[in-house]
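The lines below spell out each chain.
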Amino acid sequence: MDDKMNYYQIARKEWQEFYRNGAAPLTQEELDSIKSFNDQISMQDVQDIYVPLTHLIHLYMKEFESLTVSKGLFLHEYVPVPPFIIGIAGSVAVGKSTTARLLQIILSRTFKRRNVQLITTDGFLYPNKVLEERGIMDRKGFPESYDMEKLIEFLNQVKSGQEEIKAPLYSHNVYDIIDGEFETIQQPDILIVEGINTLQLPANQQIYVSDFFDFSVYVDADSDLIEKWYLDRFGALLDTAFRDPENYYYQYAIGDRKDAFAMAKDVWQSVNLKNLEEYILPTRGRADIILHKTEHHIIDEIFLRKY
């Protein structure tokens, strides 16, 4: 890792010793229900990695709240504490979604009075129709395929405490924005924002998505491993998509499996790997925490930003 000079490099065994006071606040059944198709996360991972991580996030939250109070004292007026926003970034198929859902459960059960909500940036992709009109359907997931102005406006509304905010809804089954359907965010105390583009710096904006984050996590792994997980996940999707003609992967599920995997490998090389190397990986050094994964999605090292 080229940017490791800016981080404390912590082995798993050392990390798990930092905070031993908390028990995993969920069951194996609940963990199984939130993990992604190919993610092999265990209850041991929750105890060793995510319980200490939650404690670290709590330290950041206390500093965040203390600074807000100090601003109020300086201004001689009451300043409400804005929502604490956590960004989670990383490649396609690296396990971001599992990390986000797991953190939502742990944080909401650890801090029972806090309203913890989760949103993915997939909802801020332009609809397929728009991508096709602009001739960038093959660039889906790249920075230009997102409505960054809408995403920034959404985060600004969250931070300003707006009561009810609607965000577009994306379906991985149909591989598109669902017209007329929305997710509603209602004044969260903690908002988790998960997506491949959360730490990126688009050239045409004066304010960035990451400017709204109070803590950020990058889920990392070697690209060869991520490719394997991507193809494993693709195979798992094929195993279920054949039941639903509306599913985006249905056409591949009912066709020749060898041809389907050839297509998936091409998509990985020409789209996902390119996006990772050119736009996602360069943002890794902006994260507060990097969770490094090895075989079987096992987190072997954690990098904590020094400054």
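For the structure, check the block above.
Since we're looking at a predicted model, the values are computed, not measured.

Chemist: How do you make sense of the packing of helix α7 (residues 223–241) against helix α9 (residues 257–280) when you look at a structure like this?
Modeler: Two packed helices can be described by the angle between their axes and the distance between those axes. Running from N to C, α7 and α9 point in directions that differ by 140°, and their axes come no closer than 10 Å. With respect to α9, the element α7 is oriented oblique. In the packing of α7 onto α9, the handedness of the crossing is right-handed. Contacts between α7 and α9 involve Ser-223, Ile-226, Glu-227, Tyr-230, Leu-231, Phe-234, Gly-235, Leu-238 and Asp-239 on the former and, on the latter, Arg-257, Ala-260, Phe-261, Met-263, Ala-264, Lys-265, Val-267, Trp-268, Gln-269, Asn-272, Leu-273 and Leu-276. Residue composition of the contact of α7 with α9, by class: 13 nonpolar, four polar and four charged.

Chemist: Explain the sheet that holds strand β2 (residues 84–90) here, please?
Modeler: Where strands meet in a sheet, backbone hydrogen bonds hold them as pairs that are either parallel or antiparallel. Pairing within the open sheet is mixed, and its seven strands lie in the order β1-β9-β8-β7-β2-β6-β3. Both outer strands of the open sheet, β1 (7–11) and β3 (116–120), are each paired with one neighbouring strand and no more. Strand-to-strand twist in this sheet, taken as the mean axis angle between neighbours without regard to direction, amounts to 20°. Across five bridges, β1 lies against strand β9 (residues 299–305) in antiparallel orientation. From the neighbouring strand, Ala-11 faces β9, where its bridge partner is Glu-301.

Chemist: Got a minute to help me understand the pattern of salt bridges in this structure?
Modeler: Counting across every chain of the model gives eleven salt bridges. Glu-30 is the salt-bridge partner of Arg-109, the closest N and O atoms lying 2.8 Å from each other. Taken together, the positions of Arg-109 in helix α4 (residues 96–110) and Glu-30 in helix α2 (residues 28–34) put the pair 79 residues apart, joining distant regions of the chain. Assessed through its relative accessible area of 33%, Arg-109 is described here as partly exposed. The salt bridge partner of Asp-214 is Lys-159, with a shortest N-O separation of 2.6 Å.

Chemist: Explain the environment of Thr-98 here, please?
Modeler: With respect to the secondary-structure elements, Thr-98 resides in helix α4. Spatially, the C-alpha atom of Thr-98 lies 13 Å from that of Val-193, the residues being 95 residues apart in sequence. Not counting residues up to four positions away in its chain, the partners in contact with Thr-98 are Ile-34, Lys-35, Ser-36, Asp-39 and Ile-41.

Chemist: How should the side chain of Lys-140 be read in this particular structure?
Modeler: Along the chain, the position of Lys-140 falls in the loop between α5 (128–133) and α6 (148–159). Here Lys-140 sits buried without a salt bridge, and the closest side chain of opposite charge, Asp-176, lies 5.0 Å off (N-O distance). Side chain to side chain, Lys-140 and Asn-128 meet in a polar contact 2.7 Å long. At 2.6 Å, the side chain of Lys-140 forms a polar contact with the backbone oxygen of Tyr-175. Setting aside anything within four residues of it in sequence, one finds Lys-140 in contact with Leu-125, Asn-128, Leu-131, Ser-145, Tyr-170, Tyr-175, Asp-176 and Val-271.

Cut-offs used in this document
Residues numbered from 1 in each chain as written. Predicted model: local features only at pLDDT ≥ 70, side-chain atom pairs only at ≥ 80, totals over all residues. Heavy atoms only, no water. Axes fitted to C-alpha atoms, helices over the stretch in contact; angles between N-to-C directions. Helix = DSSP H or I, 4+ residues; strand = E, 2+ residues; numbered from the N terminus. Parallel < 35°, antiparallel > 145°, perpendicular 65-115°, else oblique. Left-handed = near helix turned anticlockwise from the far one by under 90°. Contact = heavy atoms within 4.5 Å. Nonpolar A, V, L, I, M, F, W, Y, C, P; charged D, E, K, R; others polar. Pairing = 2+ DSSP bridges. Salt bridge = Lys/Arg side-chain N within 4 Å of Asp/Glu carboxyl O. Buried < 20%, exposed > 50% of the residue type's maximum accessible area, 1.4 Å probe, protein only. Lys, Arg positive; Asp, Glu negative; His and termini not counted. Polar contact = N/O pair within 3.5 Å; in protein donor to acceptor, adjacent residues only side chain to side chain.

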